[in-house]
Structure formats: structure tokens, C-alpha cells
Amino acid sequence: MIAADAGSSLRRLIRPSMRTAVALALSTFAAGTSLAADVYPSKPVRVLVGFAAGGANDLVARAVTTRLSTRLGRPMVVENRPGAGGNVATEVLARAAPDGYTMMLASVSSVAMGPAIYKSVPYDPLKDFAPVTNAVTVPTLLATHPSMSVRNLKEFVALARRQPGAIDVGFPGFGSIAHLAGELFKRTANIDFTLIPYKGGAPALSDVMGGQISAMMSVMSTTAPHVQSGRLVGLAVTGAKRSPALPNVPTIAESGYPGYEADGWLGFLFPAGTHADIVTRMHRDILAVLAVPEVVTQLENVGMAVEPSKSPDAFMAVIRTDVAKWKKVVQDAKIPLQ
């Protein structure tokens, strides 16, 4: 009995000590993780871009990271990893350590469209990433050669109805925003035209400028300068708003199809599991860079609209919506999975 009482007393003495030790350990861990976020970054940050140097994605990444390096006091190293419409770089990000030292300027094509158009991708767009912020929206422009007998979207639709499938519309990249924006418009307007894939914007532009194809859908940075010069006719913008690069060209929604919207976007992601303090810090600093007038002008001049997310959660909501939207477009269009 005495031994039992002694054991009981000993346990009563040990339990508070254990609770204290556990509390101390937890507080030390919390302090350590907070400290890790406070001193971030302590070395260069790698920024993946899923497309080749010199393109629209690369331009945005470098415009932001150049000034971001100054704010953070550490180099931001842009690493171009082109392939599979951005899917190669996106896979690299998904497998990277969630330590805040690998991020990506991701696109709607790899995050929301790739999973819709490929039988499988080696990442889950809703589970494998920690969204930071959208950077820009990238509307697509439907443009035609001046020799084509249309000068607005209404006339384009009328011609497509008179000659189903006869209009050839080039686009860069299978599964790109231009591709799926075209498929969505065909169903929205209940018309048929032939979408022709090219390996990039340049060869599609060459063919439409040379009259080999009637029209093309591509990002503003490819076609806007030629519309401005009169060498192409801009019919409509696919995004929710007119482009600052071509303010006189209406949206498809304005042209008689309310509710139509096909905006591309480029935004920053970390791997899932990245410390929330690091995500918040990067969100704050990227928004500060995107508010610099020179940066805004630089991006608007190539047809992009600077539209950062109010919070990482707001960007996650955009991703979630687009994953569902483009999956439905691919299914409705009966596009064979790659």
C-alpha cells in the first residue's frame, strides 16, 4: 500500500514536469519556425518559368524578380524549364522542398488546363502548391488578315455560319489559353471554325500575316503590335475587360456574348507546405513591386493587365474555379486527352 502511494505521488510529481517540458518544447519549436520566417530569405531564391527565355512568361518573371531581389536583399534566379506547355516546370515545383527557396511563375495553362487535357499529370493543382498571388491577366485576341471580309466579331460569326468549318484559325500550343478560349467561343456562339495548332505564336503569326490562314487567336503580346500598325484586324478580346494595349477592341462579351470570359493568368506559387509566414511575406513584397508605375507600364505595353490577388486565399479561389471550368470545356468539346 505504501509502495502504491509512493508510486502515485511520484506520478503526480512527474506529470507537471512532463507538461512543462512539452510546453517548453512546443514554444521553442514555434519560436524556431517564426525565426526561420523572420530571417527569410538567407540565400538566393530560384524562380521557375515553364517557357523559354524571351517569351511573355519570362518577361513577367524578370520584370518582377529584378525589383523583388532589391526588396528581399537576395538574388532571385530565374530558371527557364520549358516543356509540355509549362508542365515540366510545374512538376519540378511540386517536388521541390517547401523551404521558400523554390517558387514559380505559373500559368493557367499548366495549373488548370494541363490537368484537363492530359490523361495524367504528375501533380495535383489543388493540393501540391501554396499560391502566393496572381501577377497579371493575359487576354487572348482574335485577329484576322485584312483581306478577310470581316471587320468585327458579328461579321466573323455570320461568315462562320454561312461557311461552317471553312475559317482556319491558328493558335499557339495545344491546350493553351488560346486553344481552349477558341473552343469555348465555338460553343458559346454555336458556330464552327477550324482551330489549327502551331508550335508557337511566331509561326502562327507568320502564316496569318502571309495569308496562309484566315485568322489567329493568341496572347496580346504576339498580335497587338500588328493590329496597331494595321497589318491585322483585331476583332475581339477574350478576357473580362478590354486590353490597355488595344482599348478600342471590344471583348467577346461586349460583342454580343455576355458571360463569355477566357482570361489567361500568370501567378506565383510555392510548393505545398511552405511556411505561411514566408507565403505572406512574398505576397506583400510582390504586390509592392506590381504597384511600381514603371512595372505596370512595362507589362501593359505588351498587353498584360496587372491584377494581383488580395490574398493567397483569393488566388487559390481563382485556381479552384479555373480547374473546374477548363475541365468542363475540354469535356464538352470532346477534345481527346493527350
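Residues numbered from 1 in each chain as written. Predicted model: local features only at pLDDT ≥ 70, side-chain atom pairs only at ≥ 80, totals over all residues. Heavy atoms only, no water.

Undergrad: Help me out: how do you make sense of the environment of Val-279 in this one?
TA: Turning to its location among the elements, Val-279 is positioned in helix H9 (residues 276–290). In this structure, the C-alpha to C-alpha distance between Val-279 and Thr-133, residues 146 residues apart in sequence, is 9.2 Å. Apart from the residues lying within four places of it in its own chain, the contact partners of Val-279 are Ala-130, Pro-131, Val-132, Phe-270, Thr-274 and Pro-312. (Helix = DSSP H or I, 4+ residues; strand = E, 2+ residues; numbered from the N terminus. Contact = heavy atoms within 4.5 Å.)

Undergrad: Sorry, what's going on with the pattern of salt bridges here?
TA: Close approach of charged atoms lets side chains of opposite charge pair. This model, assessed by the stated rule, comprises 13 salt bridges. Taking the shortest distance from any N to any O, the salt bridge between Glu-91 and Arg-95 comes out at 2.8 Å. Of the two residues, Glu-91 and Arg-95 are both situated in helix H3 (residues 87–95); the distance of four residues between them amounts to about one turn of the helix. Look at Glu-91 and you get partly exposed, because its relative accessible area is 22%. You can call Arg-95 exposed: its relative accessible area is 63%. Salt bridges sharing partners connect three or more residues here, namely Arg-71, Arg-281, Arg-284 and Asp-285. (Salt bridge = Lys/Arg side-chain N within 4 Å of Asp/Glu carboxyl O. Buried < 20%, exposed > 50% of the residue type's maximum accessible area, 1.4 Å probe, protein only.)

Undergrad: Is there a simple way to think about the pairing of strand S3 (residues 102–107) in this case?
TA: Consecutive residues of a regular strand have side chains that alternate between opposite faces of the sheet. In terms of burial, S3 is a largely internal element, six of the six residues being buried. Neither face of S3 is left uncovered, since the one carrying Thr-102, Met-104 and Ala-106 and the one carrying Met-103, Leu-105 and Ser-107 both have all their residues buried. Across four bridges, strand S1 (residues 45–49) lies against S3 in parallel orientation. Of the residues in S3, the one forming a bridge with Leu-48 is Met-104. (Pairing = 2+ DSSP bridges.)

Undergrad: What is the right way to look at H9 in this model?
TA: At 3.6 residues per turn, the α-helix brings residues three or four places apart onto the same side. The first and last C-alpha atoms of H9 sit 21 Å apart over 15 residues, in line with the 21 Å expected at 1.5 Å per residue. Buried within H9 we find Ile-278, Val-279, Arg-281, Met-282, His-283, Asp-285, Ile-286, Val-289 and Leu-290. (Expected span 1.5 Å × (residues − 1).)

Undergrad: I tried to follow the nonpolar core on my own but got confused; where do I start?
TA: Proteins that are soluble and globular tend to have nonpolar side chains buried together. Residues Leu-153, Phe-156, Val-169, Phe-185 and Trp-326 are the most contacted members of the largest nonpolar core, which totals 56 residues. The biggest single contributor to this core is helix H11 (residues 312–333), with eight residues. Discounting chain neighbours no more than four positions away, the residues touching Phe-185 are Leu-153, Phe-156, Val-157, Asn-190, Ile-191, Phe-193, Ile-252, Tyr-257 and Tyr-260. Membership of the second largest hydrophobic core comes to 34 residues, among which are Val-45, Met-76, Ala-135 and Val-136. (Core = buried A, V, L, I, M, F, W, Y, C linked by side-chain atoms within 4.5 Å.)

Undergrad: Looking at this structure, I do not really get the confidence of the model for the chain. What am I missing?
TA: As a note on interpretation, predicted positions should not be read in detail where pLDDT is low. Overall, the prediction assigns the chain a mean pLDDT of 87, with 89% of residues at 70 or greater. Ranking the elements of the chain by mean pLDDT puts helix H1 (residues 2–38) last, at 45, and H9 first, at 97. Here residues 1–35 is a poorly scored stretch, pLDDT under 50, and it has two contacts once near neighbours within four places are set aside; other chains count. (pLDDT = per-residue confidence, 0-100.)

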